[in-house]
Amino acid sequence: MVKKIFSGVQPTGNLHLGNYLGAIKNFVELQNQDKNECVYCVVDLHAITTKQDPKILKNNIRETTAAFLASGLNHNKSIIFQQSLVPAHSEGSWLLGCIARMGWLNRMTQFKEKAGKDKEKASIGLYIYPVLMAADILLYDSTHVPVGEDQKQHLELSRDIAQKFNLDFNKPNFLKVPNPLIQKKFARIMSLKDGTKKMSKSDPSDLSRINLTDSEDEIINKIRKAKTDTESLPDNEIDLSKRPEAENLLGIYSSLTNQSLQNSINEFSGKNFSDFKKNLTDLIVAKIIPISNEINKLKKEKNFIDNVLSEGSVKADKISSNKVKEIKKIIGF
Ligand code: TYM
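These numbers were taken from a predicted model, which means no experiment stands behind them.

A. The arrangement of empty space enclosed by the protein in detail. Considering all chains together, one arrives at two cavities of 30 Å³ or more under this definition. Considering only enclosed or pocket space, the largest cavity measures out at about 40 Å³ in volume. In terms of lining residues, the largest cavity is bounded by Q110, F111, K114, L126, Y129, P130 and H154. Secondary structure elements with two or more residues in the lining of the largest cavity: α6 (109-115) and α7 (124-138). Forming the walls of the second largest cavity are N14, L15, E63, A67, L212, T213 and I295. Within the lining of the second largest cavity, the residues separate by chemical class into four nonpolar, two polar and one charged.

B. Geometry of helix α9 (residues 216-225). Listing the buried residues of α9 in full gives I219, K222 and I223. What you see down the axis of α9 is that its buried residues fit within an arc of 95 degrees, all on one side. Structural note: α9 exposes D217 and R224 on the side pointing more than 90 degrees away from its buried face. Where α9 is buried, its residues meet α13 (273-300).

C. Just the site of the ligand, in detail. Around the ligand, 27 residues are found, and the nearest of them are Q10, Y129, D136, D150 and I189. Contacts to the ligand include G18, whose backbone N or O atom sits 3.2 Å from a nitrogen atom. Contact between the ligand and D150: an oxygen atom at 2.3 Å from a side-chain N or O atom of the residue. Contact with the protein chains removes 97% of the 710 Å² of surface that the ligand exposes when unbound. The cavity that encloses the ligand is the largest pocket. Secondary-structure elements contributing two or more residues to the shell around the ligand are β1 (4-9), α1 (17-31) and α7. Residues of the shell around the ligand, tallied by class, amount to 12 nonpolar, 10 polar and five charged.

D. Here's a closer look at helix α12 (residues 261-268). Taken together, the buried positions of α12 are L261, S264, I265 and F268. The arc that holds every buried residue of α12, seen down its axis, measures 105 degrees, which confines them to one face. Against α10 (237-241), α11 (244-257) and α13 lie the buried residues of α12.

E. Region of interest: the layout of surface pockets. Empty space within the largest pocket amounts to approximately 1,200 Å³. Around the largest pocket, the lining comprises 45 residues; the ones closest to its centre are Q10, Q110, D150, Q151 and K198. For the lining of the largest pocket, the secondary structure elements donating two or more residues are β1, α1, α2 (44-47), α6, α7, β4 (144-146) and α8 (152-168). When its residues are assigned to classes, the lining of the largest pocket shows 16 nonpolar, 20 polar and nine charged.

F. Highlighting the environment of F268. Of note, F268 is situated in helix α12. Given a relative accessible area of 2%, F268 falls into the buried group. Sequence separation of F268 and K25 is 243 residues, and the distance between their C-alpha atoms is 25 Å. With residues up to four places along the chain from it excluded, the contact list for F268 reads L233, L250, Y253, F276 and N279.

G. Fine view of the packing of aromatic side chains. Tallied over the entire structure, the rule returns 11 aromatic pairs. A ring pair is formed by F6 and F81, whose centres lie 6.4 Å apart and whose planes are at 70 degrees; its orientation type is edge-to-face. Of this pair, F6 sits in strand β1 while F81 sits in strand β3 (residues 79-82), and the two are 75 residues apart along the sequence. Classification of F6 by relative accessible area gives buried; the value is 2%. For the pair F268 and F276, a centre-to-centre distance of 4.8 Å together with 65 degrees between the ring planes defines the contact as edge-to-face.

H. Quick look at the pairing of β1. Pairing of β1 with strand β2 (residues 37-42) involves six bridges; the strand directions are parallel. For I5, the partnering residue across the bridge sits in β2 and is C38. At this point the chain moves from β1, through α1, to the parallel β2, and the crossover so formed is right-handed.

I. Here's a closer look at the environment of L192. The topology assignment puts L192 in the loop between β5 (179-181) and α9. Sequence spacing of L192 and E245 is 53 residues, and the spatial spacing of their C-alpha atoms is 7.3 Å. In contact with L192, not counting residues within four places along its chain, are M199, L207, S208, R209, I210, K222, I223, A226, K227, L249 and I252.

J. The pattern of salt bridges, seen in detail. A complete count under the given rule lists 18 salt bridges for this structure. Across the pair D282 and K278 runs a salt bridge whose closest N-O atoms are separated by 3.0 Å. With a gap of four residues between them, D282 and K278 both fall in helix α13, about one helical turn apart. Among the residues examined, D282 registers a relative accessible area of 44% and is labelled partly exposed. One network of salt bridges, with partners in common, ties together D206, R209, D214 and K222.

Reading guide: rules and limits
- Residues numbered from 1 in each chain as written.
- Predicted model: local features only at pLDDT ≥ 70, side-chain atom pairs only at ≥ 80, totals over all residues.
- Heavy atoms only, no water.
- 1 Å grid on protein atoms, 1.4 Å probe; cavity = no way out; pocket = protein on both sides within 12 Å on 5 of 7 lines; lining within 4 Å.
- Points joined across faces, edges and corners; volume = space filled by probe spheres on them.
- Helix = DSSP H or I, 4+ residues; strand = E, 2+ residues; numbered from the N terminus.
- Nonpolar A, V, L, I, M, F, W, Y, C, P; charged D, E, K, R; others polar.
- Buried < 20%, exposed > 50% of the residue type's maximum accessible area, 1.4 Å probe, protein only.
- Arc of directions from axis to C-beta.
- Contact = heavy atoms within 4.5 Å.
- Near = heavy atom within 4 Å.
- Polar contact = N/O pair within 3.5 Å; in protein donor to acceptor, adjacent residues only side chain to side chain.
- Areas by Shrake-Rupley, 256 points an atom, 1.4 Å probe, with all protein chains shown as cover.
- Sits in = over half its atoms within 2 Å of the grid points.
- Phe/Tyr/Trp six-rings, centres within 6.5 Å; stacked < 30°, edge-to-face > 60°.
- Pairing = 2+ DSSP bridges.
- Right-handed = clockwise from strand over helix to strand, strands pointing away.
- Salt bridge = Lys/Arg side-chain N within 4 Å of Asp/Glu carboxyl O.

This is the structure:
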């Protein structure tokens, strides 16, 4: 069966190791498997659900695209495009917004986290963010959606919207119900400063994350300062699970080496953090610095990046505008 893959990343700056290990690394693996049809989107309409500076946004759109390419996405194999260049996403979002229920959106934990205490001041866009995400996914008949753990609830909402549409209009299977592709392990990379908090673009401390554009010195410094505890590394997963920082760092190590957590535990059990941190730093430098160098090189090639996005957007438009047409016909327009 041909797998239709769709995923997106917000161009909000500071793409980090969590984005890479939780999502982008998998985008590349899926692209390189035979028969998959992959569509990857720079979701700039999602980015404006919180306030953005227009100049910085433009830069971030290019930087996110550069990060896709530098990580191994290939615009000749995958469709790589910019969401706002494809009007079907906004139109589809309205149409599906009339299917989604308030009660469903009220349960979204990401809205609650991002809106904080003062919900009244959050934009309506932030509230209906998951409906736009459903439009992204459903307009491409996507069968599989690779994301990090934090997007699981949004994907469930996309599934609910697809099922309700099909039921309301008696069109079984018209909107394809997408499957989340969330890795069983390492789908949630945590902050380097607090192993109980997600690594995040918006954390005010840059020391909390490894950015994909960090230099070697920055990586060395951040891992040196990463929070740890005083004990040596354990020899089993149960003991490790009680030590969030150790678990996170060993998780990062395992994910970057593509080995099981238990193998990493075996490699370092009984050693102290300074030995382990040296190995971890070397590994992150070896994996991230080539990506960082390539991002910095591509960022200077603005015309090339803009062309990748506009050509990708033409291809994306063909698929999604057709689906919107079909949806409108079913609705009775
Ligand atoms: P965004 O831009 O916040 O994050 C992009 C991807 O990175 C993953 N991620 C993480 N994975 C592991 N550990 C972390 N600490 C971590 N932080 C972020 C996210 O799960 C995501 O996969 N709503 C989406 C973008 C989106 C989308 C879509 C995704 C819009 N439309 C359609 C899939 C399909 C978002 O905000 O991702």
